[in-house]
Amino acid sequence: MKLSKSFAFVLPAIFFLLLVSYSTMALANAGEPIVLWPGGAPGALGQHPEDVPTITPFIADKKVATGAAIVICPGGGYAHLADHEGRPVAEWLNTLGISAFVLKYRLGPRYNHPTPLLDASRALRTVRSSAAEWGIDPTKIGILGFSAGGHLASTLGTHFDSGLPNSTDPVERVSSRPDLLVLIYPVISMRELGHAGSRTNLLGSKPSAELIALLSNEEQVTKLTPPSFLIHTMTDEAVPVENSMMFAAALRRAGVPFEFHVYERGSHGFGLAPKDPILSTWPARCADWLRIHGFAAAAQEQ
């Protein structure tokens, strides 16, 4: 069947308009970055962008929103933040009905521990304290991290607090405990099987034995650590799979629910892995787990 000349001309135009419309919709759900400490972050060494931690909100459409939210910690060895582990992940979570907040945390070697943990804690507190404004359930706020961002997420999951009830700052009165953890090829340990670059950027060149133990999060798991979902590959040469294995074993000993998927092959840093037919299955596995915990919309509602 031959198309008329006029229809053949209009068809590409229609396709272009649909593409523009889709792109606009994809961009519309991103809000402006929110400065975590409007009066200046504690320990800030200046007022440059790298000194100002923020969260960028991606609020789920009300038609599918479940009331859950997840703070996203991109990886980058505590030296930079990987773009492909931020916005695309937030947009994926939005398709599940989950609001997302991409954290820009302060990095080494300019900032060492406890600064990144302060930023992650503040992010959780900020989302929880403003939950009603965003239509979020304050008991359904998790944290997701990749690589070094996974270390930061697991640090918050093992070093949270219930808030400071006497603080003059209402945000600081709120608990920083995540309701669940999602850890993707995470750095967990600060010991031999961890990631040397992340350790140096976070702890400095000569950390004490006590500091190494404190931030080796496989040693800090308790029964209060949140339920966790982990992904790793056997062939990860940057962050050995033993990091996730040790954390899963610690969760098991503490009686904390978890789900752990190990892929036989795959390099480090694949993010959502959109071009890999095998690794790209992990978001679906994670979505199923998030449904179990009441975070994600039922499959037929997406």
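All values reported here derive from a predicted model rather than from experimental measurement. (Residues numbered from 1 in each chain as written. Predicted model: local features only at pLDDT ≥ 70, side-chain atom pairs only at ≥ 80, totals over all residues. Heavy atoms only, no water.)

Here we take up the side chain of Arg125. Inspection of the secondary structure puts Arg125 in helix α3 (residues 115–129). Overall, the relative accessible area of 5% leaves Arg125 in the buried class. A distance of 2.9 Å separates the side chain of Arg125 from the side chain of Asp161, its partner in a polar contact. In this structure the side chain of Arg125 is engaged in a polar contact, spanning 2.7 Å, whose partner is the backbone oxygen of Val174. Here Arg125 is in contact with Asp161, Gly163, Val171, Glu172, Val174, Ser175 and Ser176, once residues within four sequence places are set aside. (Helix = DSSP H or I, 4+ residues; strand = E, 2+ residues; numbered from the N terminus. Buried < 20%, exposed > 50% of the residue type's maximum accessible area, 1.4 Å probe, protein only. Polar contact = N/O pair within 3.5 Å; in protein donor to acceptor, adjacent residues only side chain to side chain. Contact = heavy atoms within 4.5 Å.)

The full count for this structure, using the stated rule, is 13 salt bridges. Residues Glu264 and Arg265 are paired through a salt bridge, measuring 3.7 Å at the closest nitrogen-oxygen approach. Note on accessibility: Glu264 and Arg265 belong to one class, exposed. Several salt bridges converge on common partners, so that one network encompasses Arg122, Arg125, Asp161, Asp169 and Glu172. (Salt bridge = Lys/Arg side-chain N within 4 Å of Asp/Glu carboxyl O.)

Of all hydrophobic cores here, the largest spans 42 residues; its most connected members are Val71, Phe101, Leu103, Val127, Ile136, Ile143 and Phe247. Ranked by residue count, the leading element in this core is α3, at five residues. Ignoring sequence-local partners within four residues, the contact set of Ile143 consists of Ile70, Val71, Cys73, Ala120, Leu124, Ala153, Leu156, Pro178, Leu180, Leu181 and Val182. Within the second largest apolar cluster, 32 residues are counted, among which are Phe58, Ala68, Leu96 and Leu180. (Core = buried A, V, L, I, M, F, W, Y, C linked by side-chain atoms within 4.5 Å.)

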